[in-house]
Amino acid sequence: MAEVGCTGAKGLFWADEMRTGLIGQIRRVWAPRGVKVRQAVEYKREWAYLNLAVNGLTGQLHWDWTTNMKGESIAPVVKGWERVGVSVVVWDRARGHRGPAYGDVHVQRIEQPPYAPELNPAERVFEYLRDRIEGRVYGTLLAKQEAIETELAMLAADPERIRSLAGWDWIRESVSELEPNMVLQ
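Remember, it's a predicted structure, so these values are computed and weren't measured experimentally. (Residues numbered from 1 in each chain as written. Predicted model: local features only at pLDDT ≥ 70, side-chain atom pairs only at ≥ 80, totals over all residues. Heavy atoms only, no water.)

Participant: I'd like a description of the nonpolar core, backed by residues and values.
Facilitator: By size, the foremost hydrophobic cluster in this structure holds 33 residues, and its most contacted members are Leu50, Val54, Leu129 and Ile148. Only β1 (12-23), β2 (43-55), β3 (60-66), β4 (88-91), α2 (122-133), α3 (141-156), α4 (159-166) and α5 (169-178) provide two or more residues apiece to this core. Ranked by residue count, the leading element in this core is α2, at six residues. When near neighbours in sequence (up to four residues on either side) are disregarded, isoleucine 148 contacts Met18, Thr20, Leu50, Trp65, Leu129 and Ile133. Ranked by size, the runner-up nonpolar core spans 14 residues in total, among them Ile74, Val77, Trp81 and Trp91. (Core = buried A, V, L, I, M, F, W, Y, C linked by side-chain atoms within 4.5 Å. Buried < 20%, exposed > 50% of the residue type's maximum accessible area, 1.4 Å probe, protein only. Helix = DSSP H or I, 4+ residues; strand = E, 2+ residues; numbered from the N terminus. Contact = heavy atoms within 4.5 Å.)

Here you go:
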C-alpha cells in the first residue's frame, strides 16, 4: 500500500460490484412444522450493478450504479469517489477495473489476487444487503434499487455497523503499520 502513496486509513477503500436484478432468490423462512411455504419469485432478465467502496476502518461507504461492468461505465464512478476523498481503491482484477477509460482517474488502484472475494470487505456489505433485500418481489428493477438505496443509507448512517462488517483485524493491523499513531478500535 505504501508503494502507491497510501499512508493511512483516510482515503483507503475496498471496492467491488454487486449485480442485482429481477431473477429472484428463495430465502429460508420460519414456518410451523408441516406448513408448506410458497414464495413468489420474479424472473425477469434486467440487471444493474451496484459499485460500492467501503472503508471498514472509518466506517464510510460510497456507492453508485452502472448498467454494465465495462471500464467506460465504472471509471466515472471512481472519478466521483475521487471528488469525495477516495485516494486508494483495493479491488479485484475484473476487466472493467483497468484500461484506457482510467486515463484521467487519479485514484490509485491496488489489485487483489484473482478469485479471492474473501479478501474484500465489500463482499461482507453485499452479504448484508442481500440478506435484507432478497426473497421479495419488487416488480421493477428501479423498485429493487430503491430498496437497496434505503438499506445503504441506513448503513452509511451507522459507521460502527460498517466497522463491524468490514473493519477486519488484518486490515487494521496492516494500516496501523502505515499510520503508527492510528487508534485501533
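So that's the structure; there's more coming.
Participant: Residues and numbers for the sheet that holds β1, please.
Facilitator: Within the open sheet, the five strands sit side by side as β3-β2-β1-β4-β5. Their pairing is mixed. Two strands in the sheet have a free side with no partner beyond their single neighbour: β3 and β5 (108-111). On average, each strand axis in the sheet is tilted by 30° relative to the strand beside it, whichever way the strands run. In this sheet, β2 lies alongside β1 in antiparallel orientation, the contact comprising ten bridges. Bridge pairing in β2 places alanine 15 opposite alanine 53. Against the sheet, helix α1 (residues 71-83) makes contact with β1, β2, β3 and β4, and its axis sits at roughly 150° relative to β3, the strand it touches most. (Pairing = 2+ DSSP bridges. Axes fitted to C-alpha atoms, helices over the stretch in contact; angles between N-to-C directions.)

Participant: Tell me about the environment of asparagine 68, and please be specific about residues and values.
Facilitator: Along the chain, the position of asparagine 68 falls in the loop between β3 and α1. Taking relative accessible area as the criterion, asparagine 68 reaches 23% and is therefore assigned partly exposed. Taking the C-alpha atoms as reference points, asparagine 68 and alanine 31, 37 residues apart in sequence, are found 38 Å from one another. Contacts of asparagine 68, omitting those with residues within four sequence positions, involve Tyr49, Ser73 and Ile74. A distance of 2.6 Å separates the side chain of asparagine 68 from the side chain of serine 73, its partner in a polar contact. (Polar contact = N/O pair within 3.5 Å; in protein donor to acceptor, adjacent residues only side chain to side chain.)

Participant: Residues and numbers for α4, please.
Facilitator: Residue pairs three or four apart in sequence face the same way in an α-helix, which turns once every 3.6 residues. Those residues of α4 not exposed but buried are Ile162, Leu165 and Ala166. For α4, the angular spread of buried residues about the axis comes to 75°, placing them on one side. (Arc of directions from axis to C-beta.)

Participant: Run through α3, naming residues and quoting values.
Facilitator: The first and last C-alpha atoms of α3 sit 22 Å apart over 16 residues, in line with the 22 Å expected at 1.5 Å per residue. Structurally, α3 contributes buried residues whose contacts are with β1, β2, β3, α2 and α4. (Expected span 1.5 Å × (residues − 1).)

Participant: Please give an account of the packing of aromatic side chains that cites residues and values.
Facilitator: Following the criterion strictly, the structure yields three aromatic pairs and no others. Ring centres 6.4 Å apart and planes at 45° place the aromatic pair tryptophan 168 and tryptophan 170 in the tilted group. An aromatic cluster is present here, built from Trp14, Trp168 and Trp170 joined pairwise through their rings. When the ring centre of tryptophan 47 is taken as origin, the NZ or CZ atom of arginine 19, which lies over that ring, is 3.7 Å away. Sitting above the plane of the tyrosine 128 ring, arginine 132 keeps its charged end 3.7 Å from the centroid. (Phe/Tyr/Trp six-rings, centres within 6.5 Å; stacked < 30°, edge-to-face > 60°. Lys NZ or Arg CZ within 6 Å of the ring centre and 35° of its normal.)

Participant: Describe the pattern of salt bridges, with residues and values.
Facilitator: For the structure on display, the rule yields six salt bridges. Of the charged contacts, one joins arginine 98 and glutamate 111 as a salt bridge, the two residues approaching to 3.7 Å between their closest N and O atoms. Within this pair, whereas arginine 98 is found in the loop between β4 and β5, its partner glutamate 111 is found in strand β5, the two being separated by 13 residues in sequence. Of the residues examined, arginine 98 reaches a relative accessible area of 42% and is grouped as partly exposed. In this structure glutamate 111 comes out as partly exposed when scored by relative accessible area, which is 35%. In this structure, arginine 172 engages aspartate 169 in a salt bridge whose closest nitrogen and oxygen atoms are separated by 2.1 Å. Taken together, the residues span about one helical turn, with arginine 172 and aspartate 169 both in helix α5 at a distance of three residues. Taking relative accessible area as the criterion, aspartate 169 reaches 47% and is therefore assigned partly exposed. Taken together, the shared-partner salt bridges connect Arg93, Arg98 and Glu111 into one network. (Salt bridge = Lys/Arg side-chain N within 4 Å of Asp/Glu carboxyl O.)

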